[in-house]
Amino acid sequence: MLEDLHAIVKEVELDRSLERPEQLRERIRAMDRLEDVMLHEPLEATPACKAVVEALRRRAKARHAALASVQQHLCDAVRHAIVHGAGPHALNGWLQHDDLREPWGYDHLDALIGDVLSLDEPDDAIAALERDMVFYQPTPVRHVLDLIHRARLCSDDVVVDLGSGMGHVPLLVSICTDAQACGIEREHAYVASARRAAQALRVERATFLAQDARDADVSRGTVFYLYTPFTGDMLRHMLDRLRREASRRSFRVATLGPCTPAVAGESWLRAASEPNADRVTLFRSVA
């Protein structure tokens, strides 16, 4: 085990390519490996073994700090670009095709965007979920960027995120495109955090409403996004509202996760590609 830990630390110490900003994925993975070394507890309790582990921990901590500094400089540069209206230039191009091969979990893109958005974790207690509501998890950033790329959003679009949580999707849509975005979220603490992030980054096209999605105004949305925020009767209610709206005008629905098959079964929607719960699926309403 000690040989393995030593090999990890030595490899990361020698790999100077990790200090290049564009090596985001490799740098985050290296930092995770160093954290494993820093947290390692030796099974052997001999003084000699403890001394070796402590030495490896110090080296791992020093290298981790150096890489964290690179990461902070990258984050600061991206934030500066967003504040000054160059968000698309700062963020477009980070998504690589093979990032989407692993559909679930969070990765290097989430690490970067988490630092850039600097969303405050709510101090207040979160309300208990009602029946059919799904526990909040943010959409992995690679899927948000995939949605932005595939939807080809323009200045005429208004993306409505139904059950937007802390606002990752509306914020990224507004940063990376000319579209407007609105997050609908019943949890006031999440909405407050999203609004603070939007204000700090001067993202004016992202708005957030603290209300139940079932009561939301759907008259302006051109793209409605659902990361399976609810199931059962609640999903049925929302789809029925959108169906009635579709009798008056055309719009798109984007889904991710277990709600996708249910949405694919709607006769008033047509999928742009084979529906897949592991990827963003775009649907268009039909008369």
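Residues numbered from 1 in each chain as written. Predicted model: local features only at pLDDT ≥ 70, side-chain atom pairs only at ≥ 80, totals over all residues. Heavy atoms only, no water.

Further remarks concern the pairing of strand β4 (residues 223–226). The alternating pattern of β4 places V223 and Y225 on one face and F224 and L226 on the opposite face, and all of these are buried. Here strand β1 (residues 158–162) pairs with β4 via 3 bridges, running parallel. Counterpart to V159 in the pairing with β4 is V223. Examined bridge by bridge, β4 and strand β5 (residues 252–255) share 4 bridges and lie parallel to one another. The partner of F224 across the bridge, within β5, is V253. With helix α9 (residues 232–246) bridging β4 and its parallel neighbour β5, the resulting β-α-β unit is right-handed. (Buried < 20%, exposed > 50% of the residue type's maximum accessible area, 1.4 Å probe, protein only. Helix = DSSP H or I, 4+ residues; strand = E, 2+ residues; numbered from the N terminus. Pairing = 2+ DSSP bridges. Right-handed = clockwise from strand over helix to strand, strands pointing away.)

Mapped onto the elements of the fold, S164 is located in the loop between β1 and α7 (168–176). Filtering out sequence-adjacent residues up to four positions away, S164 remains in contact with Y136, P170, G183, I184, E185 and F208. (Contact = heavy atoms within 4.5 Å.)

I82, L91, L171, V173 and I175 are the most contacted members of the largest nonpolar core, which totals 61 residues. Examining the composition of this core, we find that 8 residues originate from one element, helix α3 (residues 47–83), more than from any other. Sequence-distant contacts of I82, defined by excluding residues within four places in its chain, comprise G87, L91, V116, I175, L201 and V203. (Core = buried A, V, L, I, M, F, W, Y, C linked by side-chain atoms within 4.5 Å.)

To continue, consider the packing of aromatic side chains. Applying the stated criterion across every chain yields a total of 4 aromatic pairs. Arranged with centres 5.1 Å apart and planes meeting at 75 degrees, the rings of F224 and F251 form a pair that is edge-to-face. Placement of F224 in strand β4 and of F251 in the loop between α9 and β5 is noted, with a sequence separation of 27 residues between them. Measuring from ring centre to ring centre gives 6.2 Å for F251 and W268, while their planes differ by 65 degrees; the resulting arrangement is edge-to-face. Of the two residues, F251 sits in the loop between α9 and β5 while W268 sits in the loop between α10 (259–264) and β6 (269–271), which places them 17 residues apart along the sequence. Side by side, F251 and W268 carry an identical accessibility label, which is buried. Here the aromatic residues F224, F251 and W268 are joined through ring pairs into a cluster of three or more. (Phe/Tyr/Trp six-rings, centres within 6.5 Å; stacked < 30°, edge-to-face > 60°.)

Another point: the sheet that holds β5. Spatially, 7 strands are ordered β3-β2-β1-β4-β5-β7-β6 in an open sheet, and the strand pairing comes out mixed. Because the sheet does not close on itself, it has two edges, and the strands there are β3 (206–210) and β6. Looking at each pair of strands side by side, their axes are set apart by 25 degrees on average, direction ignored. Bridge analysis of β6 against strand β7 (residues 281–285) gives 3 bridges, and the strand direction is antiparallel. (Axes fitted to C-alpha atoms, helices over the stretch in contact; angles between N-to-C directions.)

This structure, assessed with the given rule, holds 22 salt bridges. For R150, the salt bridge identified is with D146, shortest N-O distance 3.4 Å. With a gap of 4 residues between them, R150 and D146 both fall in helix α6 (residues 141–151), about one helical turn apart. The buried category is assigned to D146, whose relative accessible area is 3%. Residue D157 is joined to R252 by a salt bridge in which the shortest nitrogen-to-oxygen separation is 3.9 Å. Of this pair, D157 sits in the loop between α6 and β1 while R252 sits in strand β5, and the two are 95 residues apart along the sequence. (Salt bridge = Lys/Arg side-chain N within 4 Å of Asp/Glu carboxyl O.)

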